[in-house]
Amino acid sequence: VWLFQEGTFTKQLISPTKNELWMRLLIMGLITLFGVHYIDSNRRKEILAMLRGVLDGLDAAVYVADMQTYKLPFINAYLRKVFGEVEGKICWQVLQSNQSGPCSFCTNEKLLTPEGKPAGVYSWEFQNTVTGRWYDVRDRAIPWIDGRMVRLEIATDITERKKSEEKLKLFSTAVEEALDAIQIVGLDGRIIYSNKALERIYGFTPEEYKGRHV
């Protein structure tokens, strides 16, 4: 029922964002597999093998962690390649480093309502403490086969994007602080950007230049 709260699920199927639809379809698959008890054991094994094959083929980290014990009942091939066979172990002990207990940045509290119901997808960016890689993360609480609540996480590597952003930030700082006057002008002849040197030379602030014709 919580998948359809406030009509968001229907809306996302009609005009979804890429990450939201991905997350919702994955959740539906997991709930179908682990939450439907009338599927016979042989058929369940077939579906599990198919679903694991799909998740193992994703170029993203996918895992499920018990929200009470922090044990990992499921990890995909992406994580096994990086961390080894850690399924069944405690997430903060094997997926992070230098942790003496549950991570201070754990999203568990953000995933449930005060009534203990799933609160929806929580999106954040995080640098893994073991690999140093940056990830765009989508977390959500879902019910497991035995009724316990677990955290489903899908994390996509954005390290190269973060490096590009840092380079752009450094470049922007260099331009802004340059002693030479630097100005960016659009094809229509209107000023898009001016650095501080232009203000020192001509007296106009960058805001006063913006939008004016050269």
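This text goes with the structure placed above it.
I will try to describe carefully the structure that is included in this document. (Residues numbered from 1 in each chain as written. Predicted model: local features only at pLDDT ≥ 70, side-chain atom pairs only at ≥ 80, totals over all residues. Heavy atoms only, no water.)

A word on empty space enclosed by the protein. For the structure on display, the rule yields two cavities of 30 Å³ or more. Empty space within the largest cavity amounts to approximately 310 Å³. Around the largest cavity, the lining comprises 23 residues; the ones closest to its centre are Tyr63, Leu95, Gln96, Phe126 and Glu153. At the level of secondary structure, the elements contributing two or more residues to the lining of the largest cavity comprise β1 (61–66), α4 (77–83), α5 (91–94), β3 (122–127), β4 (134–143) and β5 (149–157). Residues of the lining of the largest cavity, tallied by class, amount to 17 nonpolar, three polar and three charged. (1 Å grid on protein atoms, 1.4 Å probe; cavity = no way out; pocket = protein on both sides within 12 Å on 5 of 7 lines; lining within 4 Å. Points joined across faces, edges and corners; volume = space filled by probe spheres on them. Helix = DSSP H or I, 4+ residues; strand = E, 2+ residues; numbered from the N terminus. Nonpolar A, V, L, I, M, F, W, Y, C, P; charged D, E, K, R; others polar.)

On to unusual backbone geometry, then. Phi at Tyr70 is positive, roughly 70 degrees, even though this residue is not glycine. Phi angles above zero are rare outside glycine, and Asn98 is one such case at about 60 degrees. Position of Asn98 relative to the elements: it lies in the loop between α5 and β3.

Here we come to the nonpolar core. Counting 20 residues, the largest nonpolar core has Tyr63, Leu72, Val86, Cys91 and Leu95 as its most contacted members. If you list the elements that add at least two residues to this core, you get β1, α4, α5, β3 and β4. Not counting residues up to four positions away in its chain, the partners in contact with Leu72 are Tyr63, Val64, Ala65, Val86, Glu87, Gly88, Lys89, Cys91, Val94 and Leu95. Counting residues in hydrophobic clusters, the runner-up holds eleven residues, among them Leu51, Phe74, Leu152 and Ile154. (Core = buried A, V, L, I, M, F, W, Y, C linked by side-chain atoms within 4.5 Å. Buried < 20%, exposed > 50% of the residue type's maximum accessible area, 1.4 Å probe, protein only. Contact = heavy atoms within 4.5 Å.)

On to the environment of Lys196. As for its placement among the helices and strands, Lys196 is situated in helix α7 (residues 196–202). Each C-alpha atom of the pair Lys196 and Leu179 lies 8.2 Å from the other, and the pair is 17 residues apart in sequence. Setting aside chain neighbours within four positions, we find Lys196 in contact with Glu176 and Glu177. Here Glu177 takes part through its side chain, which lies 3.1 Å from a polar atom of the side chain of Lys196. (Polar contact = N/O pair within 3.5 Å; in protein donor to acceptor, adjacent residues only side chain to side chain.)

It is worth stressing that arrangement in space is one thing and function is another; only the former is reported here.
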